[in-house]
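Residues per chain are reported as follows:
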There are 2 protein chains.
Amino acid sequence: MSIAEIGEFGLIARVVSRLETGPTVLLGPGDDGAVVAAPDGRVVASTDVLVEGRHFRRDWGSATDIGHRAAAANLADIAAMGATPTALLVALCAPGDLEVGWAEELAVGLSAEAALVGASVVGGDMSSSPTLTVAVTALGDLGGRPPVLRSGAQPGDVLALAGRTGHAAAGYTILSRGFRTPKALVEAYRRPDVPYQAGPLAARHGATSMIDISDGLLQDLGQIASAGLVAIDVHSDAFTAPPHMRDAALALGVDPLQWLLGGGDDHALAATFPPGTPLPEGWHEIGRVYDGEGVTVDRKPWSGPRGWDHFK
Amino acid sequence: MSIAEIGEFGLIARVVSRLETGPTVLLGPGDDGAVVAAPDGRVVASTDVLVEGRHFRRDWGSATDIGHRAAAANLADIAAMGATPTALLVALCAPGDLEVGWAEELAVGLSAEAALVGASVVGGDMSSSPTLTVAVTALGDLGGRPPVLRSGAQPGDVLALAGRTGHAAAGYTILSRGFRTPKALVEAYRRPDVPYQAGPLAARHGATSMIDISDGLLQDLGQIASAGLVAIDVHSDAFTAPPHMRDAALALGVDPLQWLLGGGDDHALAATFPPGTPLPEGWHEIGRVYDGEGVTVDRKPWSGPRGWDHFK
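Numbers given for residues are sequential positions, taken from 1 along each chain in its written order. All chains are assigned letters beginning with A, and all ligands numbers beginning with 1, in the order in which they are written. Totals for whole chains, interfaces and linings use every residue, but because this is a predicted model, local features are given only for residues with pLDDT of at least 70 and side-chain atom pairs only at 80 or more, for both listing and counting. Each side-chain value is derived from all of the structure's non-hydrogen atoms; neither hydrogens nor water enter the calculation.

### Structural notes on unusual backbone geometry
Here the amide bond leading from A:T181 into A:P182 is cis, since omega sits at 0°, within 30 degrees of zero. For helices the rule is a DSSP run of H or I covering at least 4 residues; for strands it is a run of E covering at least 2, with both sets numbered from the N terminus onward. Within the element layout of this structure, A:P182 appears in the loop between α4 (167–176) and α5 (183–190). One non-glycine residue, A:R299, lies in the positive phi region at around 65°. As for its position among the elements, A:R299 is in the segment after β12 (294–297). The backbone of B:H267 sits at a positive phi, close to 55°, despite the residue not being glycine. Checked against the element boundaries, B:H267 lands in the loop between α9 (256–262) and β10 (268–273).

What follows is the structure, encoded as structure tokens:
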């Protein structure tokens, strides 16, 4: 059955029935707006949109996978502010001939990824469109802490990473060349494994700046450098390709360091900490902050890809 | 200059420079997330998406107009909960050949409409897409009051309306037949005149239910009826077409009551109040709530169009 046959309201009813609601939701879907707890007296909010053919392909993963990815991209932004996600709102634009089951599975993926951090899908909108598009807004709570901005890095700070890079980029390359294995890398692209807890943990341990690595590690570190008026150096020896990534890179003729330093879709978190700070659980050192500007690798310019521009 | 030439980050920088930031914004655009005041300890959130060809046409209004409309559709949802809007987040999907100026003017319209209620555009995302799409999320504050739900109408309640209906629908019909006048109706379609203040005011005066009339008056009242397990009767004599609407209806062969009762894009607010409640400023009686189900006009079924389904 297509969504045109069932209609907007029929589709909303079906999708809403697939959602689970957590404790932050004071009023869930079904009214003009949702009501979400903001115990802190402030709310963190971020929006990320995924467009078919640009951010996902229906033949590269299930609707549930795409729901997980769309939620993860947004929840990671909240974590990167040092906040705990509370809610997602989802605008789905889809061709009328889309199967109802696809939209339902998308909702299942969104809801399941949100549930990993105690958040819920609380509202949304649907419209027909020639281009399948999923626009998500995430909300979060700072728990009384100041937000961790991109701009706070100081010369001498330690640069640290939580989570992994390069896995989703490797999966993307594998899929785009028509392969389906190694499965672990393809799965990493389909459903990122985001270190959500590491965000608030870094905030509590005095992180001076933080960012969600979504466009590519070096490119996103460039945001930390330019916002903080500092230079950042990444230590390449902090990055080791696991054997299945090395094998895939060899087979595809790619330097795995390009995935590790230029890839983004894993949604790792990068943060800076004052020198001497014991790094909290899940974080490991990958570089240093210096006086100056720009991002270097082992104190040298990097000639490989740095990341992704969504209009280029 | 096209947005593909300037790139995602160049476009974001230009658009952000056009935004004004109000007192509810604790951290504006430019980081992983924005931080918005939620003094009430709760936040109201709603999402509405506009798709080119479905919700707007670039040859029917300026980018600024479309920004106003996209903001209004979302801000009205917040008002219909009885809340005061605080912030908008905007996801823009656009073909790479879109003129940079168009995106900037869109931002100007979004920002200006938000400023009418003291809200600000605090964040967003941009992606290339074959289909021009504007997905907006609005946030709001309840000021310590309970939200006014769709479900609270009681038999005997007075049904009241704030704002106008039919004007935007008339403008839509006029534009879709290739005309450009009467200007007042075309302008009503391009930039709805939303009674934002009437939402919180109705909440303070004890409204038992409320809804933003966005899909069509009778269709949206159907939501009040079904959510509240009541019947709603609309008094047609509460609706009078102004002379320029009567003239346009005559010229186009339309019964103006179809615009007044079936039109939605004006974003009027409908609410129910306990019998005997003095209606607050800006509200006027248009019907009654009864035992039963469904929506009638002058106690009879209505055979004309009731509203809009975005997949039909």
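### Some thoughts on the environment of B:K183
All names here are of chain B. Tracing the chain through its elements places K183 in helix α5 (residues 183–190). Type-normalised accessible area, obtained with a 1.4 Å probe on protein chains alone, sets the label of each residue: buried when under 20%, exposed when over 50%, and partly exposed for intermediate values. The class for K183 is exposed, based on a relative accessible area of 55%. Taking the C-alpha atoms as reference, K183 lies 9.5 Å from H244; in sequence the two are 61 residues apart.

### Quick notes on the packing of aromatic side chains
Two aromatic rings are characterised by how far apart their centres lie and by the angle between their planes. Any Phe, Tyr or Trp ring, taking Trp's six-membered ring, that has another such ring centre within 6.5 Å forms a pair; planes under 30 degrees apart are called stacked, those over 60 apart edge-to-face, and the others tilted. Counted under the stated rule, the structure contains 8 aromatic pairs over all chains. A centroid spacing of 5.6 Å and a plane angle of 80° characterise the contact between A:W60 and A:Y172, whose relative ring orientation is edge-to-face. Of this pair, A:W60 sits in the loop between β3 (42–51) and α2 (63–80) while A:Y172 sits in helix α4, and the two are 112 residues apart along the sequence. With a centroid separation of 5.9 Å and 55° between ring planes, the pair formed by B:Y172 and B:Y189 is classed as tilted. Here B:Y172 is found in helix α4 (residues 167–176), whereas its partner B:Y189 is found in helix α5, with 17 residues between them in sequence. Overall, B:Y172 belongs to the partly exposed group, its relative accessible area being 33%. B:Y189 sits in the buried class, given a relative accessible area of 4%. The ring of A:W102 has A:R58 lying over it, and the distance from NZ or CZ to the ring centre is 5.9 Å. Ring-over charges, as used throughout, are those where CZ of Arg or NZ of Lys falls within 6 Å of the ring centre and within 35 degrees of the ring normal.

### Concerning the sheet that holds strand β1 (residues 25–27) of chain A
What the 6 strands build is an open sheet, ordered β1(A)-β2(A)-β3(B)-β6(B)-β4(B)-β5(B); its pairing is mixed. Each edge of the open sheet carries a strand with a single partner, namely β1 of chain A together with β5 (120–128) of chain B. Averaged over all adjacent pairs, the angle separating strand axes in this sheet is 25°, with direction ignored. Between any two strands, at least two bridges found by DSSP are needed for them to pair. Bridge count for β1(A) against strand β2 (residues 34–37) of chain A is 2 bridges, and the pairing is antiparallel. Considered in β2(A), the bridge of A:V25 is made with A:V36. In this analysis an axis means a line fitted to C-alpha atoms, helices contributing only their contacting stretch, and an angle means the value between N-to-C directions, from 0 to 180 degrees.

### Section: the interface of chain B and chain A
Facing the 67 residues of chain B at the interface are 67 residues of chain A. Regarding the contact of chain B and chain A, the summed buried area is about 5000 Å², with carbon and sulfur atoms giving 59% of it. A pairing counts as a salt bridge when a side-chain nitrogen of Lys or Arg comes within 4 Å of a carboxyl oxygen of Asp or Glu. Linking chain B to chain A there are 4 salt bridges. For the salt bridge of B:R150 with A:D32, the shortest nitrogen-to-oxygen distance reads 2.9 Å. The term polar contact refers here to a pair of N or O atoms within 3.5 Å; inside protein, the definition further demands a hydrogen-donor-capable atom paired with an acceptor-capable atom, and it admits residues adjacent in sequence only when both atoms are side-chain atoms. On inspection of chain B and its partner chain A, the count reaches 20 residue pairs in polar contact (both at pLDDT 80 or more). Contact criterion: two residues are considered in contact whenever any of their non-hydrogen atoms come within 4.5 Å of each other. Once two parts are brought into contact, the accessible area they lose, counted with a 1.4 Å probe and summed over both, makes up the buried area.

### Considerations on the packing of helix α2 (residues 63–79) of chain B against helix α3 (residues 100–115) of chain B
All names here are of chain B. As a packed pair, α2 and α3 sit with axes 7 Å apart at the nearest point and diverge in direction by 40°. When the axes of α2 and α3 are compared, the pair comes out oblique. For the element pair α2 and α3, the recorded crossing hand is right-handed. From α2, A63, T64, I66, G67, H68, A70, A71, A72 and L75 reach across to α3, where they touch W102, E105, L106, V108, G109, L110, A112, E113 and A114. In the scheme used here, Gly and all other residues not listed as nonpolar or charged are polar, with Ala, Val, Leu, Ile, Met, Phe, Trp, Tyr, Cys and Pro taken as nonpolar and Asp, Glu, Lys and Arg as charged. Partitioning the contact of α2 with α3 into residue classes produces 12 nonpolar, 4 polar and 2 charged. Oblique is the label for every angle not falling under 35 degrees (roughly parallel), over 145 degrees (roughly antiparallel), or within 65 to 115 degrees (roughly perpendicular). Helix crossings fall into two classes, left-handed where the near helix is turned counterclockwise from the far one by less than a right angle and right-handed where it is turned clockwise.

### Regarding α4(A)
Summarising burial for α4(A): 8 of the 10 residues are buried, a large majority. Buried within α4(A) are the following residues: A:H167, A:A168, A:A169, A:A170, A:G171, A:T173, A:I174 and A:L175.

### Some thoughts on α5(B)
Listed as buried for α5(B) are B:L185, B:V186, B:A188, B:Y189 and B:R190. Against the buried residues of α5(B) lie α2, α4 and α8 (243–252) of chain B.

### Some remarks on the UniProt feature "binding site: ATP" (unreviewed entry) in chain A
UniProt positions are given in the numbering used here, feature names are shortened, and annotations may be inferred rather than shown by experiment. Taking the numbering used here, the UniProt-annotated feature "binding site: ATP" (unreviewed entry) corresponds to A:G124, A:D125, A:R150 and A:S214. These residues run over 91 residues, and the two farthest C-alpha atoms among them are 31.2 Å apart, placing them at more than one spot. If sequence neighbours within four positions are ignored, A:D125 has contacts with A:E8, A:V90, A:A91, A:L92, B:T47, B:D48 and B:V49. Tracing the sequence through the fold places A:S214 in the loop between β8 (209–213) and α7 (217–228).

### A short note on the side chain of A:R150
Along the polypeptide, A:R150 turns up in the loop between β6 (133–141) and β7 (158–162). The exposure class assigned to A:R150 is buried, which follows from its relative accessible area of 15%. In terms of polar contacts, A:R150 uses its side chain to reach the side chain of B:D32, at 2.9 Å. When sequence neighbours within four positions are dropped, the list of residues in contact with A:R150 reads A:S209, A:M210, A:I211, A:Q223, A:I224, A:A227, A:G228, B:G30, B:D31 and B:D32.

### Comments concerning the sheet that holds strand β12 (residues 294–297) of chain B
All names here are of chain B. A sheet is described by the order of its strands in space; here 6 strands give the open sequence β8-β10-β7-β11-β9-β12, paired in mixed fashion. Each edge of the sheet is formed by a strand with only one pairing partner; in this case those strands are β8 (209–213) and β12. Between one strand and the next, the sheet's axes are offset by a mean angle of 25°, whatever the strand orientation. Summarising the sheet, β8 and β10 pair through 5 bridges and their orientation is antiparallel. Residue M210 lies in a different strand from β10, and its bridge partner there is A271. The strands touched by α2 are β8 and β10; relative to β8, the strand with the most contacts, the crossing angle is about 175°. Lying over the sheet, helix α7 (residues 217–228) contacts β7 (158–162), β8, β9 (231–234), β10, β11 (283–290) and β12, oriented at roughly 155° with respect to β8.

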